[in-house]
Amino acid sequence: MSTAHVITPVRTYVTVFALLLVCTGLTVFVAKQDFGFLNTAVALTIACFKATLVIWFFMAVRYNTPLTKVVVVSGFAWLLILFGLGMSDYLSRPWIGVLGR
Amino acid sequence: MIGHSEHEHHPKLQHHFYSMEQQLEASILGMWVFLVTEVMFFGGLFMAYLVYRTAYPTAWAKSSEELNVYMGALNTAVLICSSLTMALAVRAAQVGSRRGQIVNLILTIIFGSTFLVVKYFEYAQKFEHHLVPGPHFGPSPPLPYGSQIFFALYFIMTGIHALHMVAGIVLMSVILVMAWRGRFSPAYYGPVEISGLYWHFVDIVWIFLFPLLYLLGFNQPPLG
């Protein structure tokens, strides 16, 4: 129960901050390259990495209880279910001639 | 293991908690449950974005080109700065530095306000270029069919995000007053930590909005 007392050094925060800025520059740079349909995947990979940095270090989830970690992960897992089921519906509609796209 | 008999009760300890640690962990958990509902709330908008982008890929790329990448990137950097000062404000509360809390909270509010000012200029530009969906939508040269849906989603998503920023700034002002009055200590800093979680969450939403809205214009899909 003493985990709440852990104090992150300023250096860690500044390192994460610098990494986030570099990743922002990287996002703009890779957006100008042509990877075909992979452009969005690359952009989202960087965005997910940045979000993970914020959640893990700035929001200090690494020091939270396992229960809190499960809640955090479950939130994003349900989001993936929303996208997965939603898109499997919309993308498969033309295959069987259902109205709507 | 969990006992409170040997310690004196902290005045901020609610009677239904064993210890200050447990109280803090419970409030962090509660805040995260709220943030998960926020994830789902924004998730619905991202789902709408995904569906319409799949339906109108060309309109998406052409419309995205109309957004100002520099302003978007600047705002991303501004929000990252605000997240750093927010994290430092929480740290200041943890180590019991009243001055550190005040300075970092003020910086956070300034960065948050900067974001909104940049957003104001961006919105004004969209109005001038007739990019607001509705009867007056009519950019020149004209954009492909579906562009109004892109701009509708642009205004809804960034608008709701901006409202969250306003709420965050109000929240930080309250926390600033509390910090000013010396309400927080290394034993009791829950409100700073909890508000910080909210602030970082709003930053995360922008981390996804920036590439998905602003950066599609560089590579046009085939069959223009």
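About the criteria used
- Residues numbered from 1 in each chain as written.
- Chains lettered and ligands numbered in written order.
- Predicted model: local features only at pLDDT ≥ 70, side-chain atom pairs only at ≥ 80, totals over all residues.
- Helix = DSSP H or I, 4+ residues; strand = E, 2+ residues; numbered from the N terminus.
- Domains from an automatic or database assignment.
- Contact = placed C-beta atoms within 7 Å.
- Nonpolar A, V, L, I, M, F, W, Y, C, P; charged D, E, K, R; others polar.
- pLDDT = per-residue confidence, 0-100.

A cis amide bond links Ser140(B) with the next residue in sequence, Pro141(B), at an omega value of -5°. Take Pro141(B): it is sitting in the loop between helix 4 (98-128) and helix 5 (147-180). Phi at Ala60(A) is positive, roughly 55°, even though this residue is not glycine. Tracing the backbone through its elements, the reader meets Ala60(A) in the loop between helix 2 (38-58) and helix 3 (66-92). Although it is not a glycine, His130(B) adopts a positive phi angle of roughly 55°.

If you check the domain split of chain A, you get domain 1 (1-64) and domain 2 (65-101). One C-alpha centre belongs to domain 1 of chain A, the other to domain 2 of chain A, and the line joining them spans 23 Å.

The next point concerns the interface of chain A and chain B. Buried accessible area, meaning the area lost when the parts come together, often serves as the stated size of an interface. Facing the 40 residues of chain A at the interface are 41 residues of chain B. With 13 residues, helix 3 of chain A is the single largest residue contributor to the side of chain A that touches chain B. The class makeup of the residues in the side of chain A that touches chain B is 26 nonpolar, 10 polar and four charged.

The pLDDT averaged across chain B works out to 93; a share of 95% of its residues lies at or above 70. Confidence metrics for the complex model read pTM 0.92 and ipTM 0.91.

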